[in-house]
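# Topology and contacts: notes
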Amino acid sequence: MVTGYAAAQVSDCCYEAFEVVKLMRYEDGLEPNRVTLVSLLQAAANVGAYKEGRAVHGYAVRRSIDSFDEILETSLMDMYSKCGDLRMSKLIFDRMSKRCIGSWNALIAAHVQIGQPLGAFEIFQRMLQEDILPDMITLANLLSSCGDLKFLRQGKSIHGYLIRRQVQLDLVATTALIEMYCKCNRTNQGRILFDEIEAQDVIMFNVMVSGYLQAGFPDKALKTVCQMIEAGRKPNPATILNLLSVAADLREIRIGKKVHAYVVRQGIGSNVDIANQLISMYGKFGRIEMARQIFNRITRKDLFSWTSMITSYAQHGYASDALMVFRLIHEERLQPDLVTLVSLLQAISSLGCLTLAKEVHGHIYRNRLEKEILILNSLLTTYAKCGSLGMAECLFKSIVKKSQISWNAMISAFGMHGKCLEAIDLFNQMLKEGFQPDDITFTSILSACSHGGYVEEGWRIFQSMAEKHSVTPNTEHYSCAIDLFSRSGRLEEAYSLVQHLPPRERISALDALLSSCRVYGNVEVADIVGKELLDLDPDNSGTYILLANIYSEAGKWDAAARIREIAKTKSLARQPGYSMIESASVQ
DNA sequence: CTAGGGTTAG
């Protein structure tokens with residue numbers, strides 16, 4: 001009777017389970033027994049309801065429940081570990097007179113939860129020393145934390161342990177191993193294990209597919225889904241989610257639409273998770289109306305739905321819509337989390353509204369998010385984009401545990417405001433404090449130098465990239481450096497860097513360079529640049545005109561005439577200019 | 001215990 005009460009509710013919802021137990025106590029005068037408490041602890045653990053979990057613990061102690069056995073104690077440990085209270089979990093473990101494998105697993109889970117994977121591995125060692133045979137739950141826990149933390153060595157050693165102990169690698173174990181290898185960037189190794197299995201199940205296919213997705217191989221992911229269909233496995237919701245990511249990553253809206261149609265045909269369009277993924281996919285394609293339509297039709301929107309919608313709006317210039325959607329969240333009894341706020345800040349950045357940025361700042365403090373580096377970095381950039389370099393700098397200084405991204409954000413904030421010297425100073429300070437600059441650091445700093453005309457400084461930093469910081473300059477870096485030289489008239493040096501660019505970028509760089517040649521009246525470089533540009537892009541009438549102008553301004557009438565002649569024989573007419581506004585109003 | 005989703009710096 002008592003047991004039936006709580007147990008039935010646990011799977012459903014934690015807080016309802018607690019309500020039921022309250023009813024049980026106050027209306028029926030029944031006191032919870034051991035089984036009730038275990039059920040409640042499970043419920044609390046499932047949703048991380050720390051307060052409720054502690055209350056149960058307190059109740060058990062007060063009532064001095066007779067049989068404080070290893071099951072109840074393990075449930076307590078489990079609850080504390082899932083709520084991130086490693087200390088309590090450990091305390092109970094140490095005091096236990098009799099332990100079951102679940103107690104060990106709970107302790108391992110506690111370490112994983114709190115972000116001390118090494119501690120988890122120590123417990124594992126201790127288990128082995130005490131001759132306690134880890135079960136698959138133990139190993140799955142360890143393998144999944146290996147994956148999350150990219151602990152390839154430890155993952156491999158567990159793999160080795162399984163082989164040494166001749167544990168039969170069944171579907172579940174192999175799946176856990178595949179996931180671990182994929183998350184450690186060893187998709188090939190994962191695939192080898194995958195292929196060794198005769199009949200993979202849907203879960204294993206899904207793990208392999210998401211491994212490819214996370215490794216940035218959407219094409220391989222898609223191919224694997226096709227293999228899955230050929231093998232006669234029916235896609236499940238997780239497969240659909242993967243496929244929608246594939247479509248977004250491949251930038252193939254056709255695939256996305258096909259999957260969407262399949263979802264509708266299968267009648268699973270009401271699945272919130274799938275709907276959320278559809279929103280984010282259509283959002284990435286800029287199909288905002290579609291995203292909104294799907295959003296509107298979700299009956300039970302969760303925080304992911306709201307955040308996806310806000311992100312879709314924010315990233316496509318619909319900042320005020322993003323803001324409007326954000327304001328509706330509270331009405332749904334949902335609390336925005338830090339990801340929601342980061343999306344919101346993106347919207348605010350594009351509005352450039354400092355007041356709103358400050359409002360979010362207040363919200364962050366009220367909700368105890370002021371230690372979340374992710375959101376602080378985001379807020380810093382928002383302040384800078386809303387015109388307040390001062391607030392950005394103040395925030396930067398107040399961040400106790402700066403990340404490399406904080407430095408990048410502040411450097412680029414200085415760059416945005418044309419404060420090149422400050423950017424360089426901060427860059428040096430960043431090095432002094434032992435942070436590794438990356439490609440983005442250099443993009444910011446080089447573009448600041450280029451806009452501020454600090455050629456020497458910029459060039460020195462460019463050269464230091466590969467030499468001192470082992471960052472290989474990419475296209476953007478070369479473009480910045482070319483810009484740096486060409487703006488200040490050092491056209492030969494600018495030209496010498498152009499060859500590092502891929503063809504498409506090379507054309508636009510040469511184009512800009514040719515314009516600089518005109519500004520500085522440099523016919524020699526214009527000769528070379530013009531020739532190369534006409535080779536690469538012979539049908540651009542602008543090049544002929546620009547080149548002819550350069551020649552005639554330098555008094556080289558013959559050369560100018562010759563160029564105009566070539567243009568004429570190629571019958572290149574100047575493309576008539578048109579205005580977007582005009583064509584819009586004509587429609 | 002094993003499948004996934006919204007996210008910061010240019």
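Not measured: the values here are computed from a predicted model. (Residues numbered from 1 in each chain as written. Chains lettered and ligands numbered in written order. Predicted model: local features only at pLDDT ≥ 70, side-chain atom pairs only at ≥ 80, totals over all residues. Heavy atoms only, no water.)

Looking only at helices and strands, chain A has 35 helices and 0 strands in total. Along the longest, intermediate and shortest principal axes, the C-alpha atoms of chain A span 105 × 55 × 55 Å. Nonlocal contacts in chain A, meaning residues at least 24 apart in sequence, comprise 58% of its contacts between residues at least 6 apart. Accessible surface, chain A as shown: approximately 30900 Å² in total, 52% of it carbon and sulfur. (Helix = DSSP H or I, 4+ residues; strand = E, 2+ residues; numbered from the N terminus. Contact = heavy atoms within 4.5 Å. Areas by Shrake-Rupley, 256 points an atom, 1.4 Å probe, with all protein chains shown as cover.)

This structure, assessed with the given rule, holds 13 aromatic pairs. Ring plane angle 70 degrees and centroid distance 6.1 Å describe the contact between Tyr50 and Tyr80, whose orientation is recorded as edge-to-face. Within this pair, whereas Tyr50 is found in helix 4 (residues 50-62), its partner Tyr80 is found in helix 5 (residues 70-82), the two being separated by 30 residues in sequence. Tyr50 sits in the partly exposed class, given a relative accessible area of 29%. Overall, Tyr80 belongs to the buried group, its relative accessible area being 1%. Ring plane angle 40 degrees and centroid distance 6.2 Å describe the contact between Phe121 and Phe151, whose orientation is recorded as tilted. On the criterion of sequence distance, the pair formed by Phe121 in helix 8 (residues 117-129) and Phe151 in the loop between helix 9 (136-149) and helix 10 (152-164) is long-range, its members being 30 residues apart. Take Phe121: its relative accessible area is 11%, and that puts it in the buried class. A connected cluster of aromatic rings, assembled from ring pairs, spans Trp459, Phe462, Tyr478 and Phe485. Of note, Arg99 hangs over the ring of Phe93, and the distance from its end group to the ring centre comes to 4.2 Å. Across from the ring centre of Phe396, 5.0 Å away, lies the NZ or CZ of Lys402, which sits over that ring. (Phe/Tyr/Trp six-rings, centres within 6.5 Å; stacked < 30°, edge-to-face > 60°. Buried < 20%, exposed > 50% of the residue type's maximum accessible area, 1.4 Å probe, protein only. Lys NZ or Arg CZ within 6 Å of the ring centre and 35° of its normal.)

Attention now moves to the protein's contact with DNA strand B. Neighbouring residues of DNA strand B: 46 residues in total, closest Leu241, Asp273, Gln346, Leu374 and Glu476. Asp273 places a polar side-chain atom, nitrogen or oxygen, 2.8 Å from a base nitrogen of DNA strand B. Taking Asn408, its side chain carries an N or O atom lying 3.0 Å from a base nitrogen of DNA strand B. For the surface near DNA strand B, the class distribution of residues is 16 nonpolar, 21 polar and 9 charged. (Near = heavy atom within 4 Å. Polar contact = N/O pair within 3.5 Å; in protein donor to acceptor, adjacent residues only side chain to side chain. Nonpolar A, V, L, I, M, F, W, Y, C, P; charged D, E, K, R; others polar.)

One pass over the full model with this rule turns up 13 salt bridges. Lys183 is paired through a salt bridge with Glu179; the nearest N and O atoms lie 2.9 Å apart. You can see Lys183 and its partner Glu179 sitting in helix 11 (residues 171-183), 4 residues apart, about one turn around the helix. With relative accessibility at 22%, the residue Lys183 sits in the partly exposed group. For Glu179, a relative accessible area of 29% gives the class partly exposed. The salt bridge involving Arg191 is made with Asp195; its shortest N-O contact spans 3.3 Å. Separated by 4 residues within a single helix, Arg191 and Asp195 lie in helix 12 (residues 187-196), roughly one turn from each other. (Salt bridge = Lys/Arg side-chain N within 4 Å of Asp/Glu carboxyl O.)

Between its first and last C-alpha, helix 10 extends 18 Å over 13 residues, near the 18 Å set by a 1.5 Å rise per residue. Taken together, the buried residues of helix 10 touch helix 8, helix 9, helix 11 and helix 12. One or two positions beyond helix 10, positive phi appears at Gln166, with a value near 55 degrees. (Expected span 1.5 Å × (residues − 1).)

Across its 13 residues, helix 8 extends 19 Å between first and last C-alpha, which sits within 8% of the 18 Å expected from 1.5 Å per residue. Where helix 8 is concerned, the buried positions are Pro117, Gly119, Ala120, Phe121, Ile123, Phe124 and Met127. Each element contacted by the buried residues of helix 8 is listed here: helix 7 (101-114), helix 9 and helix 10. Taken from the residues just after helix 8, Asp131 is the one with a positive phi, measuring 60 degrees.

What follows is about the nonpolar core. Judged by nonpolar contacts, the single largest core of 172 residues is most densely connected at Ile348, Leu380, Met410 and Ile445. Broken down by element, this core gets its largest block of residues, 8 residues, from helix 13 (residues 202-214). The contact partners of Ile348, leaving out residues within four places of it in the chain, are Leu323, Cys353, Leu356, Ala357, Val360, Thr382 and Cys386. (Core = buried A, V, L, I, M, F, W, Y, C linked by side-chain atoms within 4.5 Å.)

What follows is about the UniProt feature "repeat: PPR" (unreviewed entry) in chain A. On the UniProt side, "repeat: PPR" (unreviewed entry) is annotated at positions that read residues 100-134, 201-235, 302-336, 403-437 and 438-472 here. A helix fraction of 77% and a strand fraction of 0% characterise residues 100-134, whose end C-alpha atoms lie 11 Å from each other. End-to-end, the C-alpha atoms of residues 302-336 are 10 Å apart, and along that stretch the chain is 63% helix and 0% strand. (UniProt positions renumbered as here; feature names shortened; annotations may be inferred.)

Moving on, we get to unusual backbone geometry. A positive phi is found at Arg251, a non-glycine position, where the angle reads about 55 degrees. Despite not being glycine, Arg368 has its phi angle at roughly 60 degrees, a positive value. Its location among the elements puts Arg368 in the loop between helix 22 (354-366) and helix 23 (373-385). The class for Arg368 is exposed, based on a relative accessible area of 68%.

Packing of helix 17 (residues 272-284) against helix 19 (residues 303-314) leaves a shortest axis separation of 9 Å and a crossing angle of 5 degrees. Classified by the interaxial angle, the pair formed by helix 17 and helix 19 is roughly parallel. Residues Val272, Asn276, Ile279, Ser280 and Gly283 of helix 17 pack against Phe304, Ser305, Ser308, Met309 and Ser312 of helix 19. Here the contact of helix 17 with helix 19 is built from residues that sort into 4 nonpolar, 6 polar and no charged. (Axes fitted to C-alpha atoms, helices over the stretch in contact; angles between N-to-C directions. Parallel < 35°, antiparallel > 145°, perpendicular 65-115°, else oblique.)

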